[in-house]
Amino acid sequence: MGSALLSNDLFLRACRRERLDRPPIWIMRQAGRYMPEYQEIRKKTTFLGLCKTPELAAQATLLPIDLLGLDAAILFSDILIPVEAMGLDLEFTEHKGPRFSNPVRTDADIDRLVVPEARKATGFVADAVRLINKRLDGRVPLLGFSGSPFTLATYMVEGETSKEFTRVKRMIFGNPRGYRSLMEKVTRTVIDYLEMQIEAGIHAYQLFDTWAGSLCAEHYREYALPYTQEVVRALSRHKIPSILYVNGTCALLDDMNRAGTDVLSIDWRLPLERAIPRVSEDKVLQGNLDPVVLLTTRNALESEVKRIMSGVGSRPGFIFNLGHGILPETPVEMARHLVNIVQNGLA
Ligand code: CP3
């Protein structure tokens, strides 16, 4: 579906750097535990069950559109879905997040990994995309997503969310050939997975490189960026906007310019007026409210929104978002107020 068929195409116009009266807004993790209506859907099944049932995934995707009126929808799923299809046993534990019981540590583990055929192994995601678009009926564009190859590899090797990333870094430096062959398999998986989403009808995609910030700039350039570039290059023929999100942007922003995506999504640590001189003129910026501000007061939120807007100034190509996912303890009223002041201005 082209943007001509959308009743609200502000997001796609921002991706093309058109001059707009206001920026579009969407929120990372916009369908999540902070919403009582999400908790209701979630009661029906496990988190993975939710991701794998198109009807429920569609309901979750639509919630923030119906309740908050955001300018873009994002497919409800998880970055680890295609990794499970590569042959890892995935489990989501309450409070501790994702866990693999058979993480990738040795060459034999790497050899055993399959590059799944996305349509066969994860066809439920394509079904969800089609169902969501039907229900959206052109109201707003739908974003698809994937983890970037590096961030997926961190989960595969560590086996869970990590703080120090010792195991994956030990593989990078201690077994570089093994690391390369792991990354090659992950990259092929990501490309096929996103091609499936594109074919099913997403209007744009975001690559989440949540843990790239654990690398120094040199190592990012050497061990993470090339695989992101390969994904973007492989998908460029589809001509839909692409977004790269990195948590830990500050050290990596100069190199992120070379990823090939249209949009760079940055965390909250770098004020936009300091980010702008470091990004190419043709890049759109997305960000970057500190999610914690939504746990404070309306006054604090308003002054942070003002600060972000004045940091952007008159530069075309800006999408309002948070610097990372919305926190489960966020009051829905604060999320609604954020959307309202970005869309209608401050009184
Ligand atoms: O943005 C959206 O609303 C789309 C849905 C989405 C989810 N996860 C839903 C989710 C997206 C885009 C993701 C991506 C994702 N998943 C990332 C990258 C983005 C980021 O936040 O950095 C990562 C690192 C993951 C892996 C993951 N999934 C973790 C670490 C966790 C546990 C987090 C926690 O707060 O417990 C998840 C679970 C998860 N993914 C939930 C949701 C709504 C909560 C699951 C539940 O209902 O219990």
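Preceding block: the structure.
This section reports on the structure supplied with the text.

Conventions used here
- Residues numbered from 1 in each chain as written.
- Predicted model: local features only at pLDDT ≥ 70, side-chain atom pairs only at ≥ 80, totals over all residues.
- Heavy atoms only, no water.
- Helix = DSSP H or I, 4+ residues; strand = E, 2+ residues; numbered from the N terminus.
- Buried < 20%, exposed > 50% of the residue type's maximum accessible area, 1.4 Å probe, protein only.
- Polar contact = N/O pair within 3.5 Å; in protein donor to acceptor, adjacent residues only side chain to side chain.
- Contact = heavy atoms within 4.5 Å.
- 1 Å grid on protein atoms, 1.4 Å probe; cavity = no way out; pocket = protein on both sides within 12 Å on 5 of 7 lines; lining within 4 Å.
- Points joined across faces, edges and corners; volume = space filled by probe spheres on them.
- Nonpolar A, V, L, I, M, F, W, Y, C, P; charged D, E, K, R; others polar.
- Salt bridge = Lys/Arg side-chain N within 4 Å of Asp/Glu carboxyl O.
- Pairing = 2+ DSSP bridges.
- Right-handed = clockwise from strand over helix to strand, strands pointing away.

What follows covers the side chain of Thr187. Residue placement: Thr187 occurs in helix H11 (residues 176-200). The class of Thr187 is buried, set by a relative accessible area of 1%. Side-chain polar atoms of Thr187 contact the backbone oxygen of Met183, separated by 2.6 Å. Excluding residues that lie within four positions of it along the chain, Thr187 makes contacts with Pro149, Tyr227, Glu230 and Val231.

Here we come to empty space enclosed by the protein. The tally for this structure, following the rule as stated, stands at one cavity of 30 Å³ or more. In this structure, the largest cavity encloses a volume near 40 Å³. Lining the largest cavity are Pro82, Ala85, Pro116, Glu117, Ala118, Ala121, Thr122, Thr189, Asp192 and Tyr193. Of all elements in the fold, only helix H5 (81-85), helix H7 (118-121) and H11 reach the threshold of two or more residues within the lining of the largest cavity. Among the elements that make up the lining of the largest cavity, the one with the highest residue count is H11 (three residues). Of the residues belonging to the lining of the largest cavity, the class tally is six nonpolar, two polar and two charged.

What follows concerns the environment of Asn321. Of note, Asn321 is situated in strand E9 (residues 318-322). Residue Asn321 is classed as buried on the basis of its relative accessible area of 0%. Apart from residues lying up to four places away in sequence, Asn321 is in contact with Trp26, Ile27, Met28, Gln286, Gly287, Asn288 and Leu289. A polar atom in the side chain of Asn321 sits 2.9 Å from the backbone nitrogen of Met28.

Another aspect to go through is the pattern of salt bridges. Within the structure shown, the criterion is met by 26 salt bridges. The closest approach of N and O atoms between Lys52 and Glu84, which form a salt bridge, is 2.8 Å. With a gap of 32 residues between them, Lys52 in helix H3 (residues 47-52) and Glu84 in helix H5 connect regions that are remote in the sequence. Of the charged contacts, one joins Asp255 and Arg221 as a salt bridge, the two residues approaching to 3.0 Å between their closest N and O atoms. Taken together, the residues span a long stretch of sequence, with Asp255 in helix H14 (residues 249-256) and Arg221 in helix H12 (residues 217-223) at a distance of 34 residues. For Asp255, a relative accessible area of 5% puts it in the buried group. Each of Asp9, Arg13, Arg16 and Glu18 takes part in salt bridges that share partners, so that together they form one network.

We now examine the pairing of E9. In terms of burial, E9 is a largely internal element, five of the five residues being buried. Alternating residues of E9 divide into Phe318, Phe320 and Leu322 and Ile319 and Asn321, and every residue in both groups is buried. Pairing of strand E8 (residues 284-289) with E9 involves five bridges; the strand directions are parallel. Within E9, the position partnered with Gly287 by the bridge is Phe320. Once the chain exits E8 it traverses helix H16 (residues 298-312) before rejoining the sheet at E9, and the crossover so formed is right-handed.

The next thing to look at is H14. For H14, every residue scored as buried is listed here: Thr249, Leu252, Leu253, Asp255 and Met256. On its buried face, H14 sits against H12, helix H13 (225-235), strand E6 (242-246), strand E7 (263-266) and helix H15 (272-275).

The analysis is restricted to geometry; functional conclusions fall outside its scope.
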